[in-house]
Each structure stands twice: as structure tokens, then as C-alpha cells.
Amino acid sequence: MSQPEPIRAVPVRHPWRWVAVGFLAVLTAMFVHMLVTNENFHWRFMFRHMFTPAVLRGLQGTILVTVLAMIFGIGLGVLVAIARLSPNPVLRGVSWAYTWFFRAVPRIVLLAVFGNLNILWPNLSLGVPFDTYIGKIFGVTDLHMRLFTVETRSLLTGFIAGTISLALSEAAYMAEIVRAGMQSVDPGQEEAATALGMSRGQALRRVVLPQAMRVIIPPTGNETIAMLKDTSLLIYVPVTTELFYQLSAIGSRFFLPFPMYVAACLWYLAIVSVLLVGQYYLERHFARGHRTEQARIRLSGIAGEQGGAV
Amino acid sequence: MTDVDPTGPMVRTVGVHKSFGRLEVLRGIDMVVERGQVCVVLGPSGSGKSTFLRCLNHLEKIDAGEIWIDGRLVGYRRKGDKLYELHDKVIAEQRRDIGMVFQRFNLFPHMTALQNVMEAPLRVKGESKADVRERAGALLARVGLADKATSYPNQLSGGQQQRVAIARALAMRPKLMLFDEPTSALDPELVGEVLDAMKDLAREGMTMVVVTHEIGFAREVGDLLVFMDGGVVVESGNPREVIANPKHERTKSFLAKVL
């Protein structure tokens, strides 16, 4: 039997794509022209100051806050999600209230509040509640039954206050993501675990959460990127070991703020690009055993039956 | 009346009622399955047979009636004439003695066949890993899947998955096995291997309650056939007699369609 002839057809033309390419080329050229000719960019100044030790320390702080806030945010978020799906109405209520509060308050406001908690409580102490009042009842004035007392400002430094408020806020968003992930797992899975005599905790830990990861990971990557950018809000706590604070400080010192804002854009672009690469590999890893992988296995099975290999 | 009666039947239910909202699915089910018996539950879809099976291990809470498994009241404790709900932990303990096999297998897809079988004895009973591994291997061999121990569920055919699911349930050394339409999701050519595994189990004296449409299985290994429709037991008795000579009109017309 002879092979049929391969198809030789004239492809569909797309003239408007070429028009669009031309249009974009002109725009790009105009943009580059502006970058090169506008003196106010002060490129030389910018490059000289965007790698100073202070800026690099700020970069370290930014990355550290991002990592810590995400670790605590994810951990707490998982707990809040589990509480939200619990049969216990008290846990469900607490979890709902938590998510409601921390999603309603903007991060910038939250940071301002946590940065200034020392106004509310100049000193934090652990001891018997209402001790001075109880003292009064028994005729003792100034009864203090405290184990220890610390100054709030020394305990809750800007760095810690900022990290805590970002972590608490993140936990609320992560809780919703984790909840969606857990609900995406076939209910038959938890049922099978239950029928084997597993407790709810065991079923979640061993059966439901590992399968929910595929749904949880991609939005968590987005959250990490968003968190990295939101560390620039730490200026409102205030936190000084932070990238944007350091860059704008240089800008104000030399009365050249704009070049340093451009420097900030470039820094954030660079870090987010690195994160995007990481996210790509992470997503590919957790998509394993799903659709594409199954299709590959089925194909190799069919090929095996036909005595070939893929 | 005491809670434990080890000489009595394995399963005894009295007037079991269950509703989902306004829909009354079970309207008074009385049933006795003796130790070592195989009870086959037949009935059209929507007759409540799967719901009844899920009530037996308290995956569904019943609204009225009593379920006794191995002489213990399921899900409740009686003191005087008052019933007390059991704590989740105690209910989980009751479920350890009851194996369940699902229509859609419900194997854990992120674990190999061997890990699926080992999971519950390891995590729930806290047995030693070496013992569990040996027993799990033996169970897989018993259902004819010794060479599939390291395969993941999505690398197995439906029939193989269901046999792993049977091995997984047996790993807890249950006294009673519940089968919820175990062959309904299978290609016809794969039904036989699962039924064979179940027949072996029946011959070894396992007490089984099987919801199925496999009349041949009922005739061959069943000790008791229960025909359900509309949430009640229409007819029950020796499977061979009931299938040969159904007394009730509803049973007759159902069997005529399935046979």
C-alpha cells in the first residue's frame, strides 16, 4: 500500500500580526530613546548607589521577612483551614472570625497598628490578672503579682512586629487557599481513611493534605511573590533593614528620589524573576502523577501490549 | 441489656431508619447476619442498600433503630434507658473491626499498593513496620498482586485496584467485611478477578455483607439474600430459593430484569 501524499496547502495569512509588531517596535524605540536621552534618570548615580552595603543589608532583610512571614503564614494558614472544615462549631467560628478580620484590614494599616502597639501597652508582663484590684479588695494597695515585665519596644522591635503582622495577614489568605485545596480532594478519600479507623487528624495529615498540595502549591507561589513585594510596606512600621527603605533613603539624601525608585523596580523585577523560575519547577514537580503522567503511563502500557516501547 | 454478647450474631439491626432531609431512605430495616455468613443485599438503585451499608460502620448516623455489630451497639452507649453518643475516638475503634470496600476503590493515589495496605495497621494500630510489611506482602500475594507491590494505583487496572482495596481492608484483621457494589465500576472482563477474591474470602469463613448486582455470586457463596426496595426489606431468605422462586411481585420483576 502506498503512503498518501503529505498535505501541501497555503497557510492562512495573518497581516494584522505584522501591523501589531510594527506598532510595538515603534513604541519600544520611543521608550528606549527616552531612557537614553532623559537626563533625569541619572543612570550613573543609580548604578553607583543600588549596590551599596546598606542596600544589600536591606535586601537581606526583605528576603528574611518574606521567608519568615511565609513559613509562619503557611503553618498558621493550614491550622486555620483545618479548623474551618472541622465538625467542631467553636473552631469553625474562631477560624471564620480570624479570616474575616485579617482579610478585612489592609496590610499597610495592620503594619502601622503592630508597629505602634507600645502606645497601647508600654510594658508587657506575665502574672496574676487583676492583681492590683484584688489587692484593693483585701486592703492592700499596689499589690503586684507579676512573674516578669518587659518593655514592649524592646520585645516587639520593628522587624518582629512587621514580620508578625505580615505572617498573620498571610495566614488568612493561605487558610482560604488550603481550604480550597482540601475541598478539591475526592471525599471518598477521607471516607476510606475513616472506614479504616483513622482519626480525622490522621486522615487529613496522611491522606487529604498530601493530595491537596497539587492545588495549594501554585497559588502559594503567587502569595510568596506578593509577600516579597509587600515587604516594601514595612516602611510604615517602621523597619529600616528593608530594600525599599534603604533605596528611598539614598534618594532623599541626595535629593534624587526618582533614580532610586527605578532602582527599586529593577531589584524587585530581578528577585521575582528568580522566584518565578522556582515556581515553575515546583509546579511541575507537584503535577506529577496527574493527567500528563497518567497519560504517559497509559501510552507505555498500550505500547507494551503491542510489543513496542515509547 | 448488656453491650457485649460474643455468642450472638455478627450483625443485628432493629428498625433502622435514615432520612436525608425530607427524603426517607431507610424505613425500618431488620436484619440478622450470623458469624461466618455471607449476606447479599440486592435491590434497584435508590432502594437504600448502599446507605444501609454505610450505616453499619457509622459513616452515616441513623435516625432511629439499633445496629449491633459483634454484640456491640454501633455509635452509642446505653445506660439505663438513655442513649449516649460515643466519642469519635471510640467510633473509630469500632470501625477498625469492620473492613469496607468501595465501588470507586478509593485507594490512596499518592501511595504504592503496598503502602496502601500498610497504612492503617501502621498508623491506627501502631504495629511494628516489619510485621506489617510482611503481612501486607502476604495479603497482596493472596489477591494475586505480589508483583504489583510497588505500583501506584493509577498504574493498575480497575480490577487490580479493587483487589488492593480488599487487601487494604483485610490488613486490619476485620471481623466483618462490607462491600459496596465492588464490581459496578469495573469493565466486564475484570469483574471475575474481584469476585474470585471475594469468594476465597467467603470460603475462609469471613462474615460479609455484600451490596451487588451479581446474582451468580449470590447463588454461589451467599448464605442469605436480602432484597430491598423503597427503604424496606421486601423479601429475604436462602439465595438459591429466593432466586429460583421469588415470592414477592417486586422481587420477581427485579430478578427478571437482572437475570
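Visitor: How would you summarise the overall build of chain A if you had to cite specific residues and measurements?
Guide: Of regular secondary structure, chain A possesses 14 helices and two strands. Rg of the C-alpha trace for chain A: 28 Å, well past the compact-globule value of 19 Å for 310 residues, more than 25% over. Its C-alpha atoms give chain A principal-axis dimensions of roughly 110 × 75 × 30 Å. Within chain A, residue pairs in contact and separated by at least 24 positions form 75% of the contacts whose partners lie at least 6 positions apart. Carbon and sulfur atoms make up 68% of the accessible area of chain A, which amounts to about 19600 Å² in all. In chain A, which carries 25 positive and 16 negative side-chain charges, the distance between the mean positions of the two groups comes to 4 Å.

Visitor: How would you explain the side chain of Thr220 of chain A if you had to name every residue and give the values?
Guide: Residues and elements named next belong to chain A. Relative to the helices and strands, Thr220 resides in helix 11 (residues 200-230). According to the relative accessible area criterion, Thr220 is buried, its value standing at 11%. A polar contact of 2.7 Å, which involves the side chain of Thr220, links it to the backbone oxygen of Ile216. Excluding residues within four positions of it along the chain, Thr220 makes contact with Met70, Ile74, Met174 and Ile177.

Visitor: For the sheet that holds strand 10 (residues 207-211) of chain B, give the residues involved together with the corresponding values.
Guide: Residues and elements named next belong to chain B. Strand order across the open sheet formed by six strands is 8-9-10-3-11-12, with mixed pairing between neighbours. Each edge of the sheet is formed by a strand with only one pairing partner; in this case those strands are strand 8 (98-101) and strand 12 (232-237). Neighbour-to-neighbour, the strand axes of this sheet turn through a mean angle of 15°, independent of strand direction. Here strand 3 (residues 38-42) pairs with strand 10 via four bridges, running parallel. When the bridges of strand 10 are listed, Val38 appears paired with Met208.

Visitor: I'd like to hear about the interface of chain B and chain A, residue by residue, with values.
Guide: Every contact between the two is made by 24 residues of chain B and, on the other side, 19 residues of chain A. For the pair chain B and chain A, the two sides together bury roughly 1800 Å², of which 60% comes from carbon and sulfur. Summed over the shared surface of chain B and chain A, the number is two salt bridges. Summed over the shared surface of chain B and chain A, the result is six residue pairs in polar contact (both at pLDDT 80 or more). Every element with two or more residues in the side of chain B that touches chain A is listed here: helix 2 (88-96), strand 8, helix 3 (113-123) and helix 5 (158-170) of chain B. Looking at the side of chain B that touches chain A residue by residue, the classes come out as 13 nonpolar, five polar and six charged.

Visitor: Tell me what's going on with the packing of helix 9 (residues 158-183) of chain A against helix 11 of chain A, and back it up with residues and numbers.
Guide: Residues and elements named next belong to chain A. Where helix 9 contacts helix 11, the two axes come as close as 8 Å, and the packing angle between them is 135°. Between helix 9 and helix 11, the interaxial angle falls into the category oblique. Considering how the two elements wind past one another, helix 9 and helix 11 form a crossing that is right-handed. Of the residues in helix 11, those touching helix 9 at Leu166, Glu170, Tyr173, Met174, Ile177, Val178, Gly181 and Met182 are Leu204, Val208, Leu209, Ala212, Val215, Ile216, Pro219, Thr220, Glu223 and Met227. The class makeup of the residues in the contact of helix 9 with helix 11 is 14 nonpolar, two polar and two charged.

Visitor: Lay out the sheet that holds strand 1 (residues 11-20) of chain B in plain terms, naming residues and giving numbers.
Guide: Sheet strands pair via backbone hydrogen bonds, and the direction of the pair is either parallel or antiparallel. Residue and element names in this part refer to chain B. Spatially, 2-1-4-5 is the arrangement adopted by the four strands of the open sheet, whose pairing is antiparallel. The sheet is open, and its two edges are formed by strand 2 (23-33) and strand 5 (72-73), each paired on a single side. Bridge count for strand 1 against strand 4 (residues 64-69) is five bridges, and the pairing is antiparallel. When the sheet's bridge partners are listed, Thr13 is paired in strand 4 with Ile67. Contacts from helix 1 (residues 49-56) reach strand 1, strand 2 and strand 4 within the one sheet, and its direction differs from that of strand 2 by about 60°.

What counts, and where the lines are drawn
- One numbering rule holds for all chains: residues counted from 1, following each sequence as written.
- Chain A is the first chain written and ligand 1 is the first ligand written, with later ones labelled in order.
- Since the coordinates come from a predicted model, pLDDT governs what is reported: local features require at least 70, and pairs of side-chain atoms require 80 or more to be given and counted, while whole-chain, interface and lining totals use all residues.
- Values reported for side chains reflect all heavy atoms of the structure, with hydrogen atoms and water molecules removed beforehand.
- Helix and strand assignments follow DSSP, with helices taken as H or I runs no shorter than four residues and strands as E runs no shorter than two, numbered in order from the N terminus.
- Note on method: radius of gyration uses C-alpha positions; expected globular size equals 2.2 Å times residues raised to 0.38.
- We call two residues contacting when some pair of their heavy atoms lies within 4.5 Å.
- With residues, only the protein chains shown are counted as cover, and all accessible areas are computed by Shrake-Rupley using a 1.4 Å probe.
- Here the positive residues are Lys and Arg and the negative ones are Asp and Glu; neither His nor the chain ends is included.
- Charge positions come from single atoms, namely NZ of Lys, CZ of Arg, CG of Asp or CD of Glu.
- Relative accessibility thresholds used throughout: buried, under 20% of the residue-type maximum; exposed, over 50%; partly exposed, between the two (1.4 Å probe, protein chains only).
- Pairing of N or O atoms within 3.5 Å defines a polar contact, subject to two protein rules: one partner must be a possible hydrogen donor and the other a possible acceptor, and residues neighboring in sequence count only if both atoms are side-chain atoms.
- Pairing between strands requires that DSSP locate at least two bridges from one strand to the other.
- Comment: axis = line fitted to C-alpha atoms, over the contacting stretch for helices; angle = value between 0 and 180 degrees taken between N-to-C directions.
- In short, buried area is how much 1.4 Å probe accessible area vanishes from two parts on joining, totalled over both.
- One side-chain nitrogen of Lys or Arg within 4 Å of one carboxyl oxygen of Asp or Glu is enough to make a salt bridge.
- Lys, Arg, Asp and Glu make up the charged group, whereas Ala, Val, Leu, Ile, Met, Phe, Trp, Tyr, Cys and Pro make up the nonpolar group; the residues left over, Gly among them, are polar.
- Roughly parallel here means an angle under 35 degrees, roughly antiparallel means over 145, roughly perpendicular means 65 to 115, and every remaining angle is called oblique.
- For any pair of crossing helices, the crossing counts as left-handed if the nearer helix is rotated counterclockwise from the farther one by less than a right angle, and right-handed if it is rotated clockwise.

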